[in-house]
Amino acid sequence: QLCFWALIIFFFYQALTHQKIRDWLLVGLFSAAAILSKYFVVVLFLTMALLALTNREARKSFAKPGVYLALLFFGFLILPHLIWLFHHHFMTVHYMFARTKTYTTWKAHFWNPWHFGVSYLLGFAAPFVVFLVLLFGRKKGVHISERHQLTRFQWQFLCWMALGPFILVLLLSLITGMSLHLGWGQPLASFWGVLLLSLTQPVITWRRFYRFIAFSALIFVVLVVCYTISMETAGSTSSANYPGKII
C-alpha cells in the first residue's frame with residue numbers, strides 16, 4: 001500500500017495546484033486501488049478532506065469540476081467491491097474491527113496511543129540515523145543538491161500529509177481506547193523523510209551521497225538479519241509463520 005499512498009499524495013498536490021482533470025482522475029484511480037488493498041487508507045482520505053476544507057487555496061478546488069469527477073470515478077471503481085461487501089455481510093469490515101481491541105478502562109485511552117506512537121517513533125530511529133549521514137562531513141566538493149524555498153501552501157501541504165494521518169490515528173486511539181495493530185500503520189511514516197529533507201535541506205556532495213548509500217545498505221542488512229532471527233524465534237503464534245501450505 002505504500003506506493004499508493006505516495007501516488008495519491010503526489011497527484012493530490014498536482015491536482016490542487018494545477019486543477020487538471022487528469023490529475024484528479026488519477027487521485028480517484030489510486031485512491032480506489034489503495035482502499036481495495038487496505039481500508040487503513042481512510043485516515044489519509046480524512047487528512048486530505050481536512051486540508052481541502054481548512055486551507056484557503058485548497059478550498060478553491062470545490063469551485064472546479066475536478067474534485068467531483070475524482071469522487072465519481074472513485075465511487076465507480078469501488079462499486080463492485082461495495083456490492084460484494086453487501087452480499088457477504090461486510091465480512092472484511094467485521095474482520096478489521098475484530099483485529100482491534102477496545103478497552104473500557106481509562107488507562108487504555110492513554111496507554112494504547114502512547115504505545116502506538118512511541119513504537120513508530122522508535123521504528124523511525126534507523127532511517128533517522130541514516131539521514132544524519134547527510135548532515136555531517138565536509139561540504140567541499142561538487143554539490144549535487146540545491147536549496148529550494150517552499151511556499152506557505154507547500155509547507156502546509158507537506159505537514160498535513162506527513163503528520164496528519166499519524167495524528168488522526170493517535171486521536172482515534174485516545175478517544176476510543178482502541179488498540180491498533182502496529183503493522184497497519186506502516187504508511188504513516190512514509191513522508192517523514194520528505195519532511196526532514198525539506199526542513200534541513202542538507203548540502204549533499206558525492207562523498208556524502210556514497211556514504212549515505214553504503215550506510216543505508218549496512219542498516220538494511222542488519223535489519224533483515226534481525227527480522228529473520230525474530231521470525232525464527234517467534235514460534236507458531238506469529239502471523240508470518242502462518243501454515244498456508246499445510247492448510
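Model, not experiment: these values are computed from the prediction. (Residues numbered from 1 in each chain as written. Predicted model: local features only at pLDDT ≥ 70, side-chain atom pairs only at ≥ 80, totals over all residues. Heavy atoms only, no water.)

S.K.: How should the overall build of the chain be read in this particular structure?
M.R.: Of the regular secondary structure elements, the chain holds 11 helices and two strands. Ordered by position in the sequence, the α and β elements of the chain form the string α-α-α-α-α-α-β-α-α-α-β-α-α. Across the 247 residues in the chain, those meeting the buried criterion constitute 32%. Taking the intrachain contacts of the chain between residues at least 6 apart in sequence as the baseline, contacts between residues at least 24 apart amount to 83%. Accessible area of the chain: about 15900 Å², with a carbon and sulfur share of 72%. (Helix = DSSP H or I, 4+ residues; strand = E, 2+ residues; numbered from the N terminus. Buried < 20%, exposed > 50% of the residue type's maximum accessible area, 1.4 Å probe, protein only. Contact = heavy atoms within 4.5 Å. Areas by Shrake-Rupley, 256 points an atom, 1.4 Å probe, with all protein chains shown as cover.)

S.K.: Any chance you could explain the packing of aromatic side chains here in plain terms?
M.R.: Any pair of aromatic rings gets described here by the distance separating the centres and the angle formed by the planes. Applying the stated criterion to the full structure yields 15 aromatic pairs. Relative to tyrosine 120, the ring of phenylalanine 116 lies with its centre 5.0 Å away and its plane at 40 degrees, an arrangement referred to as tilted. On the criterion of helical spacing, the pair formed by phenylalanine 116 and tyrosine 120 is a turn pair, its members being four residues apart in helix H7 (residues 106–123). For the pair phenylalanine 116 and tyrosine 120, a shared accessibility class is recorded, and that class is buried. Judged by centre distance (6.2 Å) and plane angle (40 degrees), the rings of phenylalanine 153 and phenylalanine 157 are tilted. Here phenylalanine 157 and phenylalanine 153 lie together in helix H9 (residues 152–176), a separation of four residues that amounts to about one turn. (Phe/Tyr/Trp six-rings, centres within 6.5 Å; stacked < 30°, edge-to-face > 60°.)

S.K.: Can you help me understand unusual backbone geometry in this one?
M.R.: Negative phi values dominate among residues other than glycine, just as trans dominates among peptide bonds. Phi is positive for phenylalanine 90, which is not a glycine, with a value near 55 degrees. Positioned with a positive phi, glutamine 201 is a non-glycine residue whose angle comes to about 45 degrees. As for its position among the elements, glutamine 201 is in the loop between helix H10 (192–200) and helix H11 (206–234).

S.K.: Before we go on, may I ask you to explain the side chain of aspartate 23 in this structure?
M.R.: With respect to the element layout, aspartate 23 can be found in helix H2 (residues 21–37). In this structure aspartate 23 touches Phe11, Gln14, Ala15 and His18, once residues within four positions along its chain are discounted.

S.K.: Can you help me understand a positive patch on the surface in this one?
M.R.: Taken together, the side chains of Arg56, Arg59, Lys60, Lys64 and Arg152 make up a positively charged region of the molecular surface. Counting through the fold element by element, arginine 59 comes out in helix H4 (residues 56–59). Exposure remark for arginine 59: the relative accessible area of 39% places this residue in the partly exposed category. (Patch = residues over 30% accessible without salt bridge, like charges linked within 9 Å, V, L, I, M, F, W, Y side chains within 5 Å. Salt bridge = Lys/Arg side-chain N within 4 Å of Asp/Glu carboxyl O. Lys, Arg positive; Asp, Glu negative; His and termini not counted. Charge placed at Lys NZ, Arg CZ, Asp CG, Glu CD.)

S.K.: What exactly am I supposed to notice about H7 here?
M.R.: For an α-helix the count is 3.6 residues per turn, leaving residues at separations of three or four pointing the same way. Here H7 is 18 residues long and its end C-alpha atoms lie 26 Å apart, about the 26 Å a rise of 1.5 Å per residue gives. Taken as a whole, H7 has its buried residues at Ala108, His109, Asn112, Pro113, Phe116, Gly117 and Tyr120. Buried residues in H7, looked at end-on, bunch into an arc of 140 degrees, giving them a common side. In this structure, H7 carries Trp106, Lys107, Phe110, Trp114, Leu121 and Leu122 as exposed residues pointing more than 90 degrees from its buried face. (Expected span 1.5 Å × (residues − 1). Arc of directions from axis to C-beta.)

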